Amino acid sequence: MNPIVMTPEQSAAAAFSEQSGLFDELYTGNLIVDYKRRRVRSHVQQWLPTQSNILELNAGTGQDALYFASEGHTVHATDISEGMQAVLRKKVKQLQLSNTVSAEICSFTELGKLKNRGPYDLIFSNFAGLNCTGELNKVIHEFDVLLKPGGIATLVLLPGFCTWESLLLLKGKFRTATRRWFSSKGVKAHIEGHYFTCWYYSPKRVKKMLPENFEVLGLEGLCTIVPPSYIEEFGTRYPRLFRWLCIQEDRLKSSWPFRNTGDYYILTVRKRIS
């Protein structure tokens, strides 16, 4: 009997499904995660019209979907992970949000099969979900069809270099510090015993993937000066320093080199009105 061969996206889905029941609990109370969400949402709201129709990719347990719904938007939350979708659907039912939040199991590499075709005001992907595919160009190609003219897409991605991560060399953690440097063919990651591949994309590389009728609206580094969220207790152990670092990052987030050297970056692009 031949073994089942999973796509990279399916491997990642298996890992996150395994973690779905604990996912929210793992990140509750992490001040850096709270900072990241606040930054991403603030960035999106610069261009998001009221009562927008939103397509969320890799929606996970629905934290962002529920937030956007609370702000008066309609969200179609997609994910390939059945475990994550189950948690999301449970929340939607408990909060009686079925009129504003819908869910669909769909891989972002198969958006051509999406049942709810929109068109959308915003396509949104948070916290590196799209780093779980080596076919990001295939994903971005579908944006032109799914977005309204003037619609925007906001992607939060892991770049190929992170200042904080590179500093781990000083602690002798060579493998972790350099894992992004040699990642053209992807790097193995694992969650809950499940292995999957992660790819890193520079802003420059992503911009080259955009259709000709798209323009860049904004680019910000995230966790460039503020430490990455896996340094979990930093915010509680050093509250004054943490607040100061947040202020500095908020000031420099769009400047070179800070916009390119964070743990993540936030990129928003717009489909031109023809």
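Predicted model only: the values in this text are computed from it and were never measured. (Residues numbered from 1 in each chain as written. Predicted model: local features only at pLDDT ≥ 70, side-chain atom pairs only at ≥ 80, totals over all residues. Heavy atoms only, no water.)

Time to look at the overall build of the protein chain. Scanning the protein chain from terminus to terminus reveals 12 helices and nine strands. On the principal axes, the C-alpha backbone points of the protein chain span a range of 55 × 50 × 40 Å. Put simply, the protein chain has 274 residues, and 50% of those count as buried. Taking contacts inside the protein chain between residues at least 6 apart in sequence as the whole, the part at least 24 apart equals 75%. Of the roughly 14200 Å² of accessible surface on the protein chain, a fraction of 53% belongs to carbon and sulfur atoms. Charge-centre separation for the protein chain: the mean point of 34 positive side chains lies 5 Å from the mean point of 26 negative side chains. (Helix = DSSP H or I, 4+ residues; strand = E, 2+ residues; numbered from the N terminus. Buried < 20%, exposed > 50% of the residue type's maximum accessible area, 1.4 Å probe, protein only. Contact = heavy atoms within 4.5 Å. Areas by Shrake-Rupley, 256 points an atom, 1.4 Å probe, with all protein chains shown as cover. Lys, Arg positive; Asp, Glu negative; His and termini not counted. Charge placed at Lys NZ, Arg CZ, Asp CG, Glu CD.)

Among the eight residues in helix 4 (residues 63-70), six count as buried, and that is most of the element. Its buried side turned inward, helix 4 meets helix 3 (31-45), strand 1 (53-57), strand 2 (74-79), helix 5 (82-94), strand 3 (101-105) and strand 4 (120-125). At the C-terminal side of helix 4, Gly-72 shows a positive phi close to 95°.

Moving on, we get to the nonpolar core. In terms of nonpolar packing, the biggest core is built from 37 residues, with Phe-68 and Val-226 touching the most fellow members. Looking at this core, the elements with two or more residues in it are helix 3, helix 4, strand 2, helix 5, strand 4, strand 5 (147-157), helix 12 (239-252) and strand 9 (264-271). With five residues, helix 4 is the single largest residue contributor to this core. Counting 33 residues, the second largest nonpolar core, distinct from the first, contains Ala-15, Leu-147, Ile-191 and Trp-199. (Core = buried A, V, L, I, M, F, W, Y, C linked by side-chain atoms within 4.5 Å.)

The buried fraction of strand 5 amounts to eight of the 11 residues, a majority that puts the element mostly inside the structure. The pairing of strand 4 with strand 5 spans five bridges and is classified as parallel. Within the sheet, the bridge partner assigned to Tyr-120 lies in strand 5 and is Leu-147. In the sheet, strand 5 pairs with strand 9 via six bridges, with the strands oriented antiparallel. Note on strand 9: the bridge partner recorded for Leu-155 is Leu-267. (Pairing = 2+ DSSP bridges.)

Quick look at a nonpolar patch on the surface now. Taken together, the side chains of Phe-161, Leu-169, Phe-174, Trp-181 and Phe-182 make up a nonpolar region of the molecular surface, amounting to roughly 550 Å² of accessible area. Turning to its location among the elements, Trp-181 is positioned in the loop between helix 9 (174-178) and strand 6 (187-191). (Patch = residues over 30% accessible without salt bridge, like charges linked within 9 Å, V, L, I, M, F, W, Y side chains within 5 Å. Salt bridge = Lys/Arg side-chain N within 4 Å of Asp/Glu carboxyl O.)

With respect to the element layout, Thr-197 can be found in strand 7 (residues 194-198). On the basis of relative accessible area, Thr-197 is assigned to the buried category, the value being 13%. Polar side-chain contacts of Thr-197 include one of 3.4 Å to the side chain of Lys-188. With near-sequence residues (within four places) excluded, Thr-197 lies in contact with Asn-131, Cys-132, Lys-185, Gly-186, Val-187 and Lys-188. (Polar contact = N/O pair within 3.5 Å; in protein donor to acceptor, adjacent residues only side chain to side chain.)

It is worth spelling out the sheet that holds strand 3 at this point. The mixed open sheet is built from seven strands, whose spatial order is 3-2-1-4-5-9-8. Pairing within the sheet leaves two strands with one partner each, and these edge strands are strand 3 and strand 8 (214-222). The mean angle between the axes of side-by-side strands here comes to 15°, regardless of whether they run parallel or antiparallel. The sheet contact formed by strand 1 and strand 2 spans four bridges and is parallel. By the bridge assignment for strand 2, Asn-53 is matched with Thr-74. Seen against the sheet, helix 3 touches strand 4, strand 5, strand 8 and strand 9 and runs at an angle of roughly 155° to strand 8. (Axes fitted to C-alpha atoms, helices over the stretch in contact; angles between N-to-C directions.)

Turning next to unusual backbone geometry. Only a minority of non-glycine residues have a phi that is not negative, and only a minority of peptide bonds are not trans. With omega at 5°, the peptide bond leading from Gly-118 into Pro-119 counts as cis. Following the sequence through the fold, Pro-119 ends up in the loop between strand 3 and strand 4. A positive phi is found at Ala-128, a non-glycine position, where the angle reads about 70°. Locating Ala-128 in the fold gives a position in the loop between strand 4 and helix 6 (136-141). Even without being glycine, Cys-223 reaches a positive phi, approximately 60°. Structurally, the position occupied by Cys-223 is in the loop between strand 8 and helix 11 (234-237).

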